Structure formats: structure tokens, C-alpha cells
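Examining the three-dimensional arrangement
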Amino acid sequence: MSGVVAGFIVNVDRAARLGESLAAVLTNYFSLFTIVSTLLSAIVLLTAASWDLRHPGWSREPLGIALALAAVTGPVLLLGIVYNALLRGLPSPVALGDTVGIHLLDQYAVEVLHVVLPIYFVLDLLLAPRRRGLPWWSLAVIVGYPLVWTAYTMVRGELVGNPDGSAPWWYPYPFLDPHGAGGYSSAVMYIGAILAMFLILGVGIIEIGRFRERRANHPLAPATRGPLAV
């Protein structure tokens, strides 16, 4: 959450510096896939931690919590992969006018949301002691949230203007903007590629959970046994 707060402060400062509508800037900020995914992750982790404290022992986490964790793990991991592989180090024109303090807050937010959080979810996926194996239909849940966000973003993009006044539309990421050189075909191509990546991540997340539960159910394993969903 500290990364979201840091990003919030950065956006408030930039809106004031550039004379942009604060309401529009913050609505756009809280519509970013990174921010929505982080907020959902915080809610899921708090829910899981609360259940764990109220149910000590080695019993498997409830199916609902396992599904929620899987649903936020995919987006967080993809954000980390895409940022660190493709976007790290790319200059941001709006950041050129930042003060030293705002620059440091911006860097802090970026590292927490795109490095620290993905690493945490990798460790949780591999090492959380009460992880439940998920049924394969869970793949629909894992891909469902990104699809809903994409639909929301593509519809909303045409209904709001860019806060800097440069266009009567606003899309959080250039590759989703159908007003670019490639038009809607380019946007659809990127959406298809992202969906494929979520499917791959979802298969990996489910398979890791099922593998860990199979190991936990082994006769020599000390963990409490339970049926593996099909």
C-alpha cells in the first residue's frame, strides 16, 4: 500500500504543477491496472492473513481465498515481468519537471509495485505452507479479472479526455489506444497477446499449487492431507 500512497502523492503534485484537473488525474490513477491490481492484492492478502490467524494449524486455505490469491498473483507477476523486461529505464516526459522529493517518491512507488510485490507473490506461490491445489476451471477466474479491466478501460477510454487537454480520449497504456498508428487492430492484437500471457501464467500458477498439494498429500509428508480438486 505504501507504493500506492507514494504514487498518489506524485500524481497530486504533477496535477498541481501542470494545472490539470485533480479529479481527472486521480480517477485515471485509480483506473491503472497496476494500482487496481495492487489494491486488490492488499485486500486479498489481508483476508488471507485474517483467516490464517483465526485458524491456526496446517489445514488447507479455503477455496475462495486460494482462488482470490491466484487471481491477483497473475496480474502482479505479469506487471513485474513487463516492466522489468520492457519498460525499465524508459524516460517519462512528465517526470522531467519533478522535484527531487517527488522523483524519489516516484522511484519508490515503481520499485515497490513492480519489483517488491512480484517477488513477494513468487515466494508466496512457492513457499506458503497452507496453499491449496486449485481445479483447472480456476483458469477462468484468473483470466476473468484482466478481461473485465480491459473491457472497462476500452469503454472508458472514449468517454474521458486526457487531463492535459491533448485529446478527447484517454488510455492508460499506449498499446491499448486505438487512435494510434495501428488503430483498433493493433489494440486487439496486444490484448490477445496479453490474454495469452495470462493464460500461460494461470496454467503455471494452478500447476504449481496442484504439485505442492500432491507433495503435501504424500504418505511421508507431515502436512495435513486433503483431496486434490479436479
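Residues numbered from 1 in each chain as written. Predicted model: local features only at pLDDT ≥ 70, side-chain atom pairs only at ≥ 80, totals over all residues. Heavy atoms only, no water.

1. So, helix α1 (residues 2-18)
Let me state the cut-off plainly: Secondary structure elements are taken from DSSP: a helix is a run of H or I of four residues or more, a strand is a run of E of two residues or more, and numbering for both begins at the N terminus. One less than the residue count of a helix, multiplied by 1.5 Å, gives the span that helix is expected to have. Buried, partly exposed and exposed residues are distinguished by accessible area as a fraction of the type maximum, computed with a 1.4 Å probe on protein chains only: under 20%, between the cut-offs, and over 50%, respectively. Contacts were defined at the residue level, with two residues in contact if any of their heavy atoms lie within 4.5 Å.
Between its first and last C-alpha, α1 extends 24 Å over 17 residues, near the 24 Å set by a 1.5 Å rise per residue. What α1 keeps buried is the set Gly3, Val4, Ala6, Gly7, Val10, Asn11, Arg14 and Ala15. Packing partners of the buried residues in α1 comprise α2 (22-29), α3 (33-54) and α5 (100-127). The positive-phi residue at the C-terminal boundary of α1 is Gly19, with phi of around 70°.

2. What to know about the environment of Gly57
On the secondary structure map, Gly57 appears in the loop between α3 and α4 (63-87). Under the relative-accessibility criterion, Gly57 is labelled partly exposed at 41%.

3. Notes on a nonpolar patch on the surface
Put simply, the test is: A patch consists of residues whose relative accessible area exceeds 30% and which take part in no salt bridge; residues with like charges are grouped when within 9 Å of each other, and nonpolar side chains (Val, Leu, Ile, Met, Phe, Trp, Tyr) when within 5 Å. Computed with a 1.4 Å probe, the accessible areas rest on the Shrake-Rupley method; for each residue, only the protein chains presented here act as cover. Salt-bridge detection follows one rule: a side-chain nitrogen of Lys or Arg within 4 Å of a carboxyl oxygen of Asp or Glu.
Judged by side-chain polarity, Ile119, Val122, Leu123, Leu126 and Leu127 come together as a nonpolar surface patch covering roughly 450 Å² of accessible area. You can see Ile119 is positioned in helix α5. On the basis of relative accessibility, which here comes to 48%, the residue Ile119 falls in the partly exposed class.

4. A short note on the packing of α4 against α5
The criterion, for reference: For helices, the fitted line uses only the C-alpha atoms of the stretch in contact; every axis is such a line through C-alpha atoms, and the angle between N-to-C directions lies from 0 to 180 degrees. Oblique is the label for any angle not covered by the other classes, which are roughly parallel (under 35 degrees), roughly antiparallel (over 145) and roughly perpendicular (65 to 115). By convention the crossing between two helices is left-handed if the near helix lies anticlockwise of the far one by an angle smaller than a right angle, and right-handed if it lies clockwise.
Running from N to C, α4 and α5 point in directions that differ by 130°, and their axes come no closer than 8 Å. The orientation of α4 relative to α5 falls into the category oblique. Between α4 and α5 lies a crossing whose hand is left-handed. Every residue of α5 that contacts α4 at Leu69, Val72, Thr73, Val76, Leu77, Leu79, Gly80, Tyr83 and Asn84 is listed here: Val110, His114, Val115, Leu117, Pro118, Phe121, Val122 and Asp124.

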